[in-house]
Amino acid sequence: MSIKKGDRIPSATLKIMSETGPVEVTTAEFFTGRKVVLVSVPGAFTPTCSARHLPGFIDHTSEILAKGVDTIAFVSVNDVFVMSAWGKSAGAGNIQMLADGNGEFAAALGLELDATAFGMGKRSQRFALIADDGVVTELFVEKPGEFQVSSAENVLASL
């Protein structure tokens, strides 16, 4: 069963890149006490994710933060080095890049995507959510192959 509005973000450990290297961060540490816009994509450097999804949030960062959001984060079933490189190459300095290397967070959310037919293994569905102090207040899960409801513009309109 997948996560829904009103649910608490499940317990999982993600990785972020710090100045000294990879660091683990639990979802409790990341989401507690702040309002977070979390965006999940099937893969860093993939076409829609790189050409439209991440750039939209980069373009609208200041507007989203002005609505009381403390953090914008992107997560993918990629390793921390790939997520860090993707963020740097896209100029996403104000967006936190989170690595769900083994897909455990995607599974805990109930939002896995089986991309084995494309040689990509298990991934995460494309979605965005808004969480306030670790509780999901809005959830935007895309239909397979689509990019509409999880866009920066749609999330911004919901804040």
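See the structure shown above.
Quantities reported herein were computed from a predicted structural model and do not represent experimental measurements. (Residues numbered from 1 in each chain as written. Predicted model: local features only at pLDDT ≥ 70, side-chain atom pairs only at ≥ 80, totals over all residues. Heavy atoms only, no water.)

A. Expanded view of the pairing of strand E4 (residues 71–76). Counting buried residues in E4 gives 6 out of 6 residues, a clear majority hidden from the surface. Of the two faces of E4, the one carrying Thr71, Ala73 and Val75 and the one carrying Ile72, Phe74 and Ser76 are both buried. Pairing of strand E3 (residues 35–41) with E4 involves 6 bridges; the strand directions are parallel. Across the sheet, residue Val37 finds its bridge partner in E4, namely Ile72. With 4 bridges joining them, E4 and strand E5 (residues 96–99) adopt parallel strand pairing. The residue bridging Ala73 from the neighbouring strand is Gln96, located in E5. As for the winding sense of the linkage, the β-α-β connection from E4 through helix H4 (residues 80–90) to E5 is right-handed. (Buried < 20%, exposed > 50% of the residue type's maximum accessible area, 1.4 Å probe, protein only. Helix = DSSP H or I, 4+ residues; strand = E, 2+ residues; numbered from the N terminus. Pairing = 2+ DSSP bridges. Right-handed = clockwise from strand over helix to strand, strands pointing away.)

B. Expanded view of the packing of aromatic side chains. What the rule picks out here adds up to 4 aromatic pairs. A centroid spacing of 5.3 Å and a plane angle of 75° characterise the contact between Phe30 and Phe31, whose relative ring orientation is edge-to-face. For the ring pair Phe74 and Trp86, a centre distance of 6.0 Å and an interplane angle of 75° mean the geometry is edge-to-face. Within this pair, whereas Phe74 is found in strand E4, its partner Trp86 is found in helix H4, the two being separated by 12 residues in sequence. For Trp86, a relative accessible area of 2% puts it in the buried group. Chaining the aromatic ring pairs together yields one cluster made of Phe45, Phe57, Phe74 and Trp86. Directly above the ring of Phe30 sits Arg34, whose terminal nitrogen or CZ lies 4.5 Å from the centroid. (Phe/Tyr/Trp six-rings, centres within 6.5 Å; stacked < 30°, edge-to-face > 60°. Lys NZ or Arg CZ within 6 Å of the ring centre and 35° of its normal.)

C. Broad picture of the environment of Gln96. Relative to the assigned elements, Gln96 resides in strand E5. Separated by 24 residues in sequence, Gln96 and Met120 have C-alpha atoms that sit 23 Å apart. Ignoring sequence-local partners within four residues, the contact set of Gln96 consists of Ile16, Phe30, Thr71, Ile72, Ala73 and Phe74. (Contact = heavy atoms within 4.5 Å.)

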